[in-house]
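# Secondary and tertiary structure notes
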Amino acid sequence: MGGKELISGKNLHMHFTIKRSFLTKALTKKKDLTVRAVDGVDISIQKGETLGLVGESGCGKSTLGRAILHIYKPTAGEVLLQGEPFSTRRDKAHRFRQKCQIIFQNPYSSLNPRKTVRDILSAPLIIRGVKNPLDRENEILMLLAKVGLSDYHINNYPHQFSGGQRQRVGIARALAMNPIFVVADEPVSALDVSVQAQVINLLEELQRELKLTYLFISHDLSVIYHLSTRVAVMYLGKIVEVGETVNLFENPLHPYTRALLSAIPIVNKAERRRRIILQGDVPSPINIPSGCRFHPRCVEKIGSICEKVTPNTTNHGHNHQVACHLYK
Ligand code: SF4
């Protein structure tokens, strides 16, 4: 990738422990369980780009986004913003959190129903140091205009908005901190199709205007194709393929990516791909298959190597990388 790296995650792990009670352990001899939601991810996001992150539900996309932002403290690995590792020192952590923001998936639950838009947007502005109420009011009005809402919305409560408007308030709240990097976690999947396009266009306009960098998490491949500069495909806690958007969509290398892309509906009969139906669900992150973790569902499995050996990531030109034994 030719651009300048803005943020990266090195060997990120995010494991959660499910504790069993003392009695269960004593009676059944079963140990605590570990959910390996993110399991050794290297990710690099360039300044000004949109990196699309795709994968089935439960593959760890949202957890990875939160681990990068240190909403969840990673179990292992480190996050570097502009080359500087995340630090728990109060002033440094505060600066990191100001520069890196998140837009949540569900605008219905991510806004406090008891607070007006003024209250919702005041909170981050106060954290940012805008102490004067008049300055704050002006900033809130500017933020509302930026996300396509009107001045009079300032006194409204979340329930007085439509889904799309609520997501605009969520976007304004993220922008209130003057971020340089935003994780957009399925920001349109809870919205009507007609409203999705408006919110996507808004995100694109804001990126151009404010020179933002996005990690855009979605399971909707057409949205990812439209928005992303590069795409990373995640499966069961690991990134299995990453490449420039057009290149990856036209020449997917990993069997999992091929299966995902074959599910996109295409109107033109001549251009349709052969549909690859994946068998079963994503295995549990508590009990991850050995070797290549995709092997129980892979239609291109090449024998015991896939069951026993974890594939390394290899380069295939044009910033295209894949982790699969088919490409030694
Ligand atoms: Fe399929 Fe083997 Fe490649 Fe895994 S490593 S995706 S099982 S071919």
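Just above sits the structure.
Here we summarise the structure given alongside this text. (Residues numbered from 1 in each chain as written. Predicted model: local features only at pLDDT ≥ 70, side-chain atom pairs only at ≥ 80, totals over all residues. Heavy atoms only, no water.)

## Comments concerning the overall build of the protein
- Of the regular secondary structure elements, the protein holds 11 helices and 12 strands.
- In terms of overall dimensions, the protein is globule-like: its C-alpha atoms have a radius of gyration of 21 Å, near the 20 Å expected for 328 residues.
- Put simply, the protein has 328 residues, and 48% of those count as buried.
- Surface exposure of the protein reaches about 16,600 Å², of which carbon and sulfur atoms provide 51%.
- Where the 44 positive side-chain charges of the protein centre and where its 28 negative ones centre are 7 Å apart. (Helix = DSSP H or I, 4+ residues; strand = E, 2+ residues; numbered from the N terminus. Rg over C-alpha atoms; globule rule 2.2 N^0.38 Å. Buried < 20%, exposed > 50% of the residue type's maximum accessible area, 1.4 Å probe, protein only. Areas by Shrake-Rupley, 256 points an atom, 1.4 Å probe, with all protein chains shown as cover. Lys, Arg positive; Asp, Glu negative; His and termini not counted. Charge placed at Lys NZ, Arg CZ, Asp CG, Glu CD.)

## Some details on a nonpolar patch on the surface
- Where nonpolar side chains cluster on the molecular surface, the patch consists of Phe16, Ile71 and Tyr72 and spans about 240 Å² of accessible area.
- Structurally, Ile71 can be placed in the loop between α2 (61–68) and β4 (76–81).
- Owing to a relative accessible area of 42%, Ile71 belongs among the partly exposed residues under this scheme. (Patch = residues over 30% accessible without salt bridge, like charges linked within 9 Å, V, L, I, M, F, W, Y side chains within 5 Å. Salt bridge = Lys/Arg side-chain N within 4 Å of Asp/Glu carboxyl O.)

## Details of the pairing of strand β1 (residues 5–18)
- Both β1 and strand β2 (residues 33–46) contribute to a ladder of 11 bridges, which runs antiparallel. Each residue of the ladder has a partner; that of Phe16, found in β2, is Val35.
- Bridging between β1 and β4 involves five bridges; their strand directions are antiparallel. Along β4, the bridge assignment pairs Ile7 with Leu81. (Pairing = 2+ DSSP bridges.)

## Side note on the site of the ligand
- Within the structure, the ligand sits among His254, Pro255, Cys292, Phe294, His295, Cys298, Glu300, Cys306, Cys324, His325 and Leu326.
- Given that more than half its atoms are within 2 Å of the pocket grid, the ligand belongs to the largest cavity.
- Its residues assigned to classes, the shell around the ligand comprises seven nonpolar, three polar and one charged. (Near = heavy atom within 4 Å. 1 Å grid on protein atoms, 1.4 Å probe; cavity = no way out; pocket = protein on both sides within 12 Å on 5 of 7 lines; lining within 4 Å. Sits in = over half its atoms within 2 Å of the grid points. Nonpolar A, V, L, I, M, F, W, Y, C, P; charged D, E, K, R; others polar.)

## What about the pairing of strand β9 (residues 230–235)?
- Counted residue by residue, β9 has six buried out of six residues, so it is predominantly covered.
- On β9, burial covers both faces: Arg230, Ala232 and Met234 on one face and Val231, Val233 and Tyr235 on the other are all buried.
- In terms of strand pairing, β9 meets strand β10 (residues 238–244) through six bridges, oriented antiparallel. Within the sheet, the bridge partner assigned to Val231 lies in β10 and is Gly243.
- A loop of two residues connects β9 with β10, the two strands running antiparallel in sequence, and Leu236 in this loop sits at a positive phi of about 50°.

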